[in-house]
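Spelled out from the first residue to the last, the chains are:
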Amino acid sequence: MRIMKKALVIAVVMMTVPFLALAGEAITGQKAIENVYNRPAGDDMQSDLTMTLTNSRGQSRVRKMAQFSKDFGKIEKKIMFFKYPADVRGTSFMTWSYDEAGRDDDQRIYLPALKKVKRISSDSKSDYFMGSDFTYDDLGDRHPAEDIHKLLREEMIEGESCYVVESTPREDEYIYSKTVTWIIKDKWIDLKKSFYDEDGDHLKTLMVKKYENISGFWIITHSQMNNIQKKHTTDMQLSKVKVNSGIANRQFTERMMRRGVR
Amino acid sequence: MKKITLLVLAPLLLLLGGVPPAAAQSTTFTGYVRNYTAILLEGDQKYAILQDTLDLKIEHSRGKVDFKANPYINFFHNKETEIDLRQSYLDIMLDSADFRIGKQQIVWGKADGVFITDVISPKDLSEYLLPDFEEIRLGVQALKIDYYIGDHTIEFVWVPDFTPTKTPATDSIWYVKPEFSISPTYDYSKKEVPSNFGNSEIFLKFSAITSLIDFEIMAGSMWDDDPTMHINQSIDISTNQPVLRVTPEHHRLELVGGSFSTSIGGFVVRGESAFYNGKYFRSEDPALKDKVVEKGYTHSLLGLDFTIWNTRMSVQVIEQQIQDYDEQIVSDEKQDTVTILISRDFLRETLKLELFSYFDLNNAGSLLRPKMAYDLIDGFQILAGFNIFNGNKGNYGQYDGNDMVFAKVKYSF
């Protein structure tokens with residue numbers, strides 16, 4: 001369903017943009033963010049993820065996992081298998097995300113020491129993922145409707161022509177007071193994003209280090225989040241990326257959580 | 001057993017169509033080494049445990065067949081070294097079914113730290129409930145078949161040979177001497193369950209995960225892991241004194257049960273219940289020959305998990321109830337217990353503080369287990385905590401003198 005919606009939005013955008021251009025109308029901040037949100041990502045995807053956490057003393061910790069995701073219509077299922085470090089090897093984590101507005105994700109975890117799959121309470125979107133500099137919201141698809149978007153300017157960075165959009169949350173209690181995003185014009189990739197804390201101070205910056213066209217889809221394969229206040233960075237690198245490879249439905253079951261990645 | 005295993009394996013190997021010689025193979029060795037030291041807080045601060053462990057997990061896969069073994073060695077300061085296999089089994093994986101044959105730990109149910117439908121693997125209580133759950137469960141030799149229908153699973157388990165609970169040694173701080181009015185003699189002639197096909201244990205479970213609710217329904221025919229103490233009192237003709245003869249005997253139990261978990265807002269609600277038929281209880285009824293009576297018995301739990309202020313909380317309320325109760329039964333009709341877990345991570349998930357507590361509502365007893373775990377580097381953990389028993393009777397109060405501080409240093413590889 002989500003893919004259909006994305007396809008519909010893309011189709012609408014493709015049909016609409018030329019007319020807007022002809023009319024001489026500039027793109028809005030809202031539209032630019034929607035285009036990033038709706039950038040096609042395929043029906044399924046699998047990859048190995050390496051996450052490197054580096055502190056202010058230059059000490060690094062590495063987490064490695066294999067991840068699979070698939071769109072099942074009204075549900076998007078994602079499963080992660082932890083491979084490193086040794087004390088978390090064999091742990092798996094499955095998330096079911098729903099199209100329904102406001103419905104929390106279902107999350108289940110398999111811990112090899114307990115030998116059972118547990119349904120767990122859904123993480124807050126503001127929680128940090130595995131001790132990294134990314135919150136769950138940073139990693140997921142924050143819906144454009146949750147913020148007010150304003151196009152600030154157009155700017156060249158890293159040799160790419162970008163729209164610069166400022167987004168202010170509609171929610172009062174959100175962890176960021178605002179974000180500023182640099183969006184590559186022709187690819188709708190958010191190349192850079194600055195996050196500001198509740199006091200309005202610059203908190204962290206996300207930089208896309210590498211993106212690739214895989215099976216016709218733009219996939220970010222290396223990004224780095226730099227927490228300026230904590231002097232801590234997290235690198236996320238994807239490898240062995242496959243898009244639309246036809247992952248079987250049974251990959252997203254309790255059986256596979258127990259069996260692990262093979 | 002070997003013949004039966006071969007009979008089971010032969011059609012499986014046919015189904016597999018033979019394992020192709022060029023099938024991808026891999027062997028991995030993982031595990032941990034750990035030092036575990038605990039000191040009693042009362043008296044002359046004896047060591048409750050001084051243990052060094054090597055736990056090795058070996059996995060070899062070849063196509064649709066996996067072999068897993070988990071040997072371990074425990075060195076103790078005051079008792080013999082243990083060398084054993086926690087698990088050792090063969091997995092055969094077909095399109096819609098998995099077969100697991102060998103020594104294995106099997107875990108069912110949704111309860112945490114409470115054994116209701118989770119009854120296939122017996123418990124090692126030689127160190128009470130304090131070891132990690134992976135170490136409390138004893139592996140059983142079994143054949144387990146899982147048949148998958150989408151997100152639903154039908155699981156069948158056959159345990160050909162009975163394994164009882166491993167109880168504390170008589171010189172252990174966890175040993176509780178049975179109380180009798182006069183010193184008894186023991187007759188162990190019925191303690192063993194003869195190893196034959198008729199004495200097998202079988203279990204069946206249907207489980208499902210859905211967007212609304214995850215649930216399991218199970219049934220089993222098993223042996224009570226704990227023996228019933230049959231008590232025979234007579235008069236010794238030569239001395240004219242009363243004589244007490246105690247005969248421990250395991251009895252057959254039939255049980256049905258189920259469990260569920262579901263998400264409501266930011267909460268996870270869990271429940272689990274089982275009815276046991278054939279459970280024996282000690283009775284003071286003078287009309288009873290062996291001072292025991294057979295009654296139905298239920299064991300139920302309701303739990304709630306949630307996160308508040310970045311702190312994970314879990315509360316479980318547990319009730320054990322003897323059905324058709326009569327006042328001559330020594331045990332209470334109902335035994336109520338509450339468990340509370342509070343846990344929070346700090347320093348980017350390298351430091352974890354946790355408090356797990358059991359409260360015995362019948363006897364005003366409790367066990368409080370605060371602990372702190374710090375990952376010095378990835379895979380190298382230092383853990384320290386306390387086990388504090390309160391009360392003077394019941395499951396926890398009886399160990400009031402066993403309060404201890406403990407530390408574990410663990411390196412995983």
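Residues numbered from 1 in each chain as written. Chains lettered and ligands numbered in written order. Predicted model: local features only at pLDDT ≥ 70, side-chain atom pairs only at ≥ 80, totals over all residues.

Undergrad: Looking at this structure, I do not really get the overall build of chain B. What am I missing?
TA: When helices and strands are counted, chain B shows three helices and 22 strands. Here the C-alpha atoms of chain B give a radius of gyration of 23 Å, agreeing with the 22 Å that 2.2 N^0.38 yields for 413 residues. In terms of principal-axis extent, the alpha carbons of chain B reach across some 80 × 55 × 50 Å. Among the 413 residues that make up chain B, the fraction classed as buried is 26%. A fraction of 54% describes how many contacts in chain B between residues 6 or more apart in sequence connect residues 24 or more apart. (Helix = DSSP H or I, 4+ residues; strand = E, 2+ residues; numbered from the N terminus. Rg over C-alpha atoms; globule rule 2.2 N^0.38 Å. Buried ≥ 20, exposed ≤ 12 C-beta atoms within 10 Å, placed from the backbone. Contact = placed C-beta atoms within 7 Å.)

Undergrad: So what exactly am I meant to see when it comes to the overall build of chain A here?
TA: Counting secondary structure elements, chain A contains four helices and 13 strands. When burial is assessed residue by residue, chain A has 27% of its 262 residues classed as buried.

Undergrad: Would you mind showing me how to read the interface of chain A and chain B here?
TA: Think of interface size as the accessible area that goes away when the parts come together; that is how it is often given. Taken together, the 24 residues of chain A in the interface contact 29 residues of chain B. If you tally residues by element for the side of chain A that touches chain B, the top one is strand S6 (residues 116–120) of chain A, at three residues. The residue makeup of the side of chain A that touches chain B, split by class, is nine nonpolar, four polar and 11 charged. (Nonpolar A, V, L, I, M, F, W, Y, C, P; charged D, E, K, R; others polar.)

Undergrad: Looking at this structure, how should I read the sheet that holds strand S13 (residues 241–249) of chain B?
TA: Residue and element names in this part refer to chain B. Judged by pairing direction, the sheet is mixed, and its three strands sit side by side in the order S9-S13-S12 without closing on themselves. In the strand order of this sheet, the two ends are held by strand S9 (185–186) and strand S12 (228–236), each with one partner. Examined bridge by bridge, S9 and S13 share two bridges and lie parallel to one another. Following the sheet pairing, Thr185 is matched in S13 by Arg245. (Pairing = 2+ DSSP bridges.)

Undergrad: Which parts of the structure should I look at to understand the confidence of the model for chain B?
TA: Residues and elements named next belong to chain B. Averaged over chain B, the pLDDT score is 93; the fraction of residues at 70 or greater is 94%. The low-confidence segment residues 18–22, where pLDDT is below 50, has five contacts with residues more than four positions distant or belonging to other chains. Interface confidence in the predicted complex, given as ipTM, is 0.89; pTM for the same model is 0.87. (pLDDT = per-residue confidence, 0-100.)

Undergrad: Explain the environment of Gly257 of chain B here, please?
TA: All names here are of chain B. Its location among the elements puts Gly257 in strand S14 (residues 252–264). Judged by C-beta crowding, with 24 C-beta atoms within 10 Å, Gly257 ranks as buried. With near-sequence residues (within four places) excluded, Gly257 lies in contact with Ile116, Thr117, Met218, Ser273, Ala274 and Phe275.

Undergrad: Honestly, the confidence of the model for chain A in this entry has me stumped. Any pointers?
TA: As a note on interpretation, predicted positions should not be read in detail where pLDDT is low. Residues and elements named next belong to chain A. Across chain A, pLDDT averages 89, with 90% of residues at or above 70. Every residue in residues 1–5 scores below 50 in pLDDT, and together they form eight contacts with partners more than four places removed in sequence or on other chains. Predicted confidence for residues 7–24 stays below pLDDT 50, and this span has five contacts to residues more than four positions away or in other chains.

Undergrad: Got a minute to help me understand the environment of Leu301 of chain B in this structure?
TA: All names here are of chain B. Relative to the assigned elements, Leu301 resides in strand S16 (residues 292–308). For Leu301, a count of 24 C-beta atoms within 10 Å corresponds to the buried category. Taking C-alpha positions, Leu301 is 23 Å from Glu155, a pair spaced 146 residues apart along the chain. Leaving out residues up to four positions away in the same chain, Leu301 has contacts with Ala111, Val114, Ile116, Gly271, Glu272, Gln316, Val317 and Ile318.

Undergrad: Teacher, can you tell me more about the nonpolar core here?
TA: Within soluble globular proteins, side chains that are nonpolar tend to cluster in buried spots. With 24 residues, the main nonpolar core has Val114, Ile116, Ile120, Ala142 and Val157 of chain B as its most contacted residues. Of all the secondary-structure elements, those providing two or more residues to this core are strand S7 (140–149), strand S8 (152–159), strand S11 (214–223), S14, strand S15 (267–282) and S16 of chain B. Once residues within four sequence positions are removed from consideration, Val157 of chain B is found in contact with Ile106, Ile120, Ala142, Lys144, Ile202 and Phe203 of chain B. Core analysis: the next-biggest nonpolar cluster, separate from the first, contains 11 residues, Met65, Met80, Phe81 and Met257 of chain A among them. (Core = buried A, V, L, I, M, F, W, Y, C linked by C-beta atoms within 7 Å.)

Undergrad: Help me understand unusual backbone geometry, please; the structure alone is not making it clear to me.
TA: Most peptide bonds take the trans configuration, and most residues that are not glycine carry a negative phi. With an omega of 10 degrees, the peptide bond running from Tyr84 of chain A to Pro85 of chain A counts as cis. If you trace the backbone, Pro85 of chain A turns up in the loop between strand S3 (75–84) and strand S4 (92–98). If you check the backbone angles, Lys240 of chain A has positive phi at about 50 degrees while not being a glycine. Tracing the sequence through the fold places Lys240 of chain A in strand S13 (residues 232–243). Phi angles above zero are rare outside glycine, and Asn310 of chain B is one such case at about 60 degrees. Among the structural elements, Asn310 of chain B can be located in the loop between S16 and strand S17 (311–322).

Undergrad: What should I look at first to understand the environment of Glu134 of chain B in this one?
TA: Residues and elements named next belong to chain B. When you line up the elements, Glu134 lands in helix H2 (residues 133–136). For Glu134, a count of 18 C-beta atoms within 10 Å gives the class partly exposed. Through-space distance from the C-alpha of Glu134 to that of Arg86 is 8.8 Å; in sequence the pair is 48 residues apart.

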